[in-house]
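Fold and geometry: a report
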Amino acid sequence: AAAAALRAADCSAIVALSEDHTLLQALTLGIIEQAPVVTSPSVDRFIDQLMANRAEVALIDAASAPAPLEQFISALRQQFPRLLLVLAGSAQLQTSLSAQISDGTIFRFAHKPASAQRLKLFISAALQSVALRSRRAAARAQGPAGPADAADEHGTTGALARINPARSQRRWLCPLVLATA
């Protein structure tokens, strides 16, 4: 399913910025069937690989990223606004980046040492998000009605996918009764 998501998103590779061989091995073992992985030991090569591969998913090892990390991530997001970042680092780093994780600037955060299974789950979620974004863009390009088999973010197709849930829900007021004794 994730391989199909990758093809649907036309994302040719996942680009990783890391010099940590254990992390890179876990990444390649976890997602070898999902997508090719391009590794970059330096920031300059990482940026070049992002552009060359039109990557929309990247793994960044915090130890390999330049300091200050927050500014590097913000600059990446400005240059590549569609890029989904999976960051690997310590629990202390996760705490310091909690605002960027909460607002979606960082898609997922993996504690090091990260297991192949955890990286596979995080990359799969990122690829599914990219595929969803592509489906939405294709549906917008086809007009407001969209094709009869267009799927929304929940996989609903046909006429149900075109219902605006915000308009169809009625909000009922429930009176609050306070009992005084």
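Quick caveat, the model's predicted, so the values are computed rather than measured.

The rules behind these values
Residues numbered from 1 in each chain as written. Predicted model: local features only at pLDDT ≥ 70, side-chain atom pairs only at ≥ 80, totals over all residues. Heavy atoms only, no water. Helix = DSSP H or I, 4+ residues; strand = E, 2+ residues; numbered from the N terminus. Buried < 20%, exposed > 50% of the residue type's maximum accessible area, 1.4 Å probe, protein only. Contact = heavy atoms within 4.5 Å. Core = buried A, V, L, I, M, F, W, Y, C linked by side-chain atoms within 4.5 Å. Right-handed = clockwise from strand over helix to strand, strands pointing away. Axes fitted to C-alpha atoms, helices over the stretch in contact; angles between N-to-C directions. Parallel < 35°, antiparallel > 145°, perpendicular 65-115°, else oblique. Left-handed = near helix turned anticlockwise from the far one by under 90°. Nonpolar A, V, L, I, M, F, W, Y, C, P; charged D, E, K, R; others polar. Pairing = 2+ DSSP bridges. Salt bridge = Lys/Arg side-chain N within 4 Å of Asp/Glu carboxyl O. Arc of directions from axis to C-beta.

1. Description of the overall build of the protein
- If you tally the helices and strands in the protein, you get eight helices and five strands.
- The secondary structure elements of the protein, listed N-terminal to C-terminal, are α-β-α-β-α-β-α-β-α-α-β-α-α.
- Of all 181 residues assigned to the protein, the portion counted as buried reaches 39%.
- Put simply, of all contacts in the protein between residues at least 6 apart along the chain, 60% involve residues at least 24 apart.

2. Observations concerning the nonpolar core
- One finds F46, L50, I60, L69, F72, L76 and L87 to be the most contacted residues of the largest nonpolar core, which totals 24 residues.
- Every element with two or more residues in this core is listed here: β1 (14-17), α3 (43-53), β3 (57-61), α4 (69-79) and β4 (84-89).
- Among the elements that line this core, the one with the most residues is α4, at four residues.
- What L76 contacts, discounting residues up to four positions off in sequence, is F46, I47, L50, I60 and L85.
- Core analysis: the second largest hydrophobic core is formed by 22 residues, V86, A114, L119 and A125 among them.

3. Focus: the pairing of β4
- Within β4, six of the six residues are buried, leaving the element largely enclosed by the surrounding structure.
- Residues L84, V86 and A88 point to one face of β4 and L85, L87 and G89 to the other, with burial holding for every one of them.
- Since β3 and β4 lie parallel, the crossover through α4 that links them has a hand, and here it is right-handed.

4. Focus on the packing of α3 against α4
- At a minimum axis separation of 12 Å, α3 and α4 run at an interaxial angle of 25°. Taken together, the axes of α3 and α4 lie roughly parallel to each other. Crossing of α3 against α4: the hand is right-handed. Mapping the contact onto sequence places V43, F46, I47, L50 and M51 in α3 and F72, L76 and Q79 in α4.
- Residue classes in the contact of α3 with α4 are distributed as seven nonpolar, one polar and no charged.

5. Thoughts on the pairing of β3
- In terms of residue burial, β3 counts as a mostly covered element, since five of its five residues are buried.
- The pairing of β3 with β4 spans five bridges and is parallel. In the sheet register, I60 faces β4, and the bridge partner there is L87.

6. Notes on the pattern of salt bridges
- A complete count under the given rule lists four salt bridges for this structure.
- Across the salt bridge formed by K112 and D61, the nearest N and O atoms sit 2.9 Å from each other. Of this pair, K112 sits in the loop between β5 (108-111) and α7 (116-141) while D61 sits in strand β3, placing them 51 residues apart in sequence.
- Through salt bridges with shared partners, a single network forms among D20, D61 and K112.

7. Regarding α4
- Turning to α4, its buried residues number three or more, namely L69, F72, I73 and L76. Around the axis of α4, the buried residues are gathered within 95° of arc, so they sit on the same side. Residues Q71 and Q78 are exposed on α4 and point more than 90 degrees away from its buried face.
- Buried residues belonging to α4 abut β1, α3, β3, β4, α5 (91-96) and α6 (98-102).

8. Let's talk about the side chain of Q49
- Mapped onto the elements of the fold, Q49 is located in helix α3.
- A relative accessible area of 16% means that Q49 is categorised as buried.

9. Structural notes on the sheet that holds β3
- Judged by pairing direction, the sheet is parallel, and its five strands sit side by side in the order β2-β1-β3-β4-β5 without closing on themselves. This sheet does not close on itself; its edge strands, each paired only once, are β2 (37-40) and β5. Direction aside, neighbouring strands of the sheet carry axes that sit 20° apart on average.
- In this sheet, β5 lies alongside β4 in parallel orientation, the contact comprising four bridges. The partner of L87 across the bridge, within β5, is F109.
- Together, β1, β2 and β3 form the strand contacts of α3, whose direction differs from that of β1 by roughly 175°.
- Sheet contacts for α7: β1, β3, β4 and β5; angle to β4, the most-contacted strand, approximately 165°.

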